[in-house]
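Spelled out, the chains give:
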Amino acid sequence: MTKKDIQERTLNFSVRIVNLCKFLRQNGGTGYDLSKQLIRCGTSIGANVEEAQNAESKRDFIHKMSISLKEARETNYWLKILIATEKNLEPRLLSLLNESNELISIIYAIIKNTKTNN
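Residues numbered from 1 in each chain as written. Predicted model: local features only at pLDDT ≥ 70, side-chain atom pairs only at ≥ 80, totals over all residues. Heavy atoms only, no water.

Looking at this structure, how should I read the packing of helix α2 (residues 29-52) against helix α3 (residues 58-85)?
Between α2 and α3, the shortest axis-to-axis distance is 8 Å and the interhelical angle comes to 155°. As judged from the angle between their axes, α2 and α3 are roughly antiparallel. Crossing of α2 over α3 shows left-handed handedness. (Axes fitted to C-alpha atoms, helices over the stretch in contact; angles between N-to-C directions. Helix = DSSP H or I, 4+ residues; strand = E, 2+ residues; numbered from the N terminus. Parallel < 35°, antiparallel > 145°, perpendicular 65-115°, else oblique. Left-handed = near helix turned anticlockwise from the far one by under 90°.)

Structure representation (structure tokens):
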């Protein structure tokens, strides 16, 4: 995977999260409240990947990517809560959860490889 691939993939994921949160906000209820948390962490994944591209050092790059990883894990948490509480959205949410899990694996691998490559 190239850096362009992870940037594009996290951007597409962010767009999907924004669209989901728009939908949740239109329908109100608990989904509305959860959407506030989800939009922050779900879009932060790509924002931190983007920041990492202009890191000042290898250490700074790892730090920014680590923040992205933490945000992806938080996104998973909120998606799991939505899956448990919004059964009518389960297929859409499972697709997002799957992509989030893949992003976690990819970002983790990027961090690990960066740490081992001197």
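Please explain the confidence of the model for the chain as it appears in this structure.
Low pLDDT means the predicted atomic positions in that stretch should not be read closely. Taken over all residues, the pLDDT of the chain has a mean of 94, while the share at 70 or more is 97%. Here helix α1 (residues 3-27) is the element of the chain with the lowest mean pLDDT, 93, and α3 is the one with the highest, 97. (pLDDT = per-residue confidence, 0-100.)

Explain the nonpolar core here, please?
Across soluble globular proteins, nonpolar side chains have a tendency to be buried as a group. Ranked by size, the top nonpolar core spans 30 residues in total, and within it L20, L38, M65, L79, L93 and I107 carry the most contacts. Counting residues per element, the ones that place at least two in this core are α1, α2, α3 and α4 (90-116). Top element by residues in this core is α3. It accounts for nine residues. (Core = buried A, V, L, I, M, F, W, Y, C linked by side-chain atoms within 4.5 Å. Buried < 20%, exposed > 50% of the residue type's maximum accessible area, 1.4 Å probe, protein only.)

Even after reading the chapter, I still don't get the packing of aromatic side chains, so can you show me in this structure?
One pass over the structure, following the stated rule, counts one aromatic pair. Measuring from centroid to centroid gives 5.0 Å for Y77 and W78, while their planes differ by 75°, and the two rings are edge-to-face. When its relative accessible area of 15% is taken as the criterion, W78 is described as buried. Sitting above the plane of the F23 ring, R92 keeps its charged end 5.6 Å from the centroid. (Phe/Tyr/Trp six-rings, centres within 6.5 Å; stacked < 30°, edge-to-face > 60°. Lys NZ or Arg CZ within 6 Å of the ring centre and 35° of its normal.)

Would you explain the packing of α3 against α4 in this entry?
Two numbers describe a pair of packed helices, the interaxial angle and the distance between the axes. Contact geometry for α3 and α4: axes closest at 9 Å, N-to-C directions at 160°. If you check the angle between α3 and α4, you find them roughly antiparallel. Every pair of crossing elements has a handedness; the one defined by α3 and α4 is left-handed. A per-class count over the contact of α3 with α4 returns 17 nonpolar, seven polar and five charged. (Nonpolar A, V, L, I, M, F, W, Y, C, P; charged D, E, K, R; others polar.)

Before we go on, may I ask you to explain the environment of L38 in this structure?
With respect to the secondary-structure elements, L38 resides in helix α2. By relative accessible area, L38 is classed as buried at 0%. Here the alpha-carbon distance between L38 and T116, two residues 78 residues apart in the chain, equals 32 Å. Residue contacts for L38: discarding those within four places in its chain leaves I17, L20, C21, T43, T75, W78, L79 and L82. (Contact = heavy atoms within 4.5 Å.)

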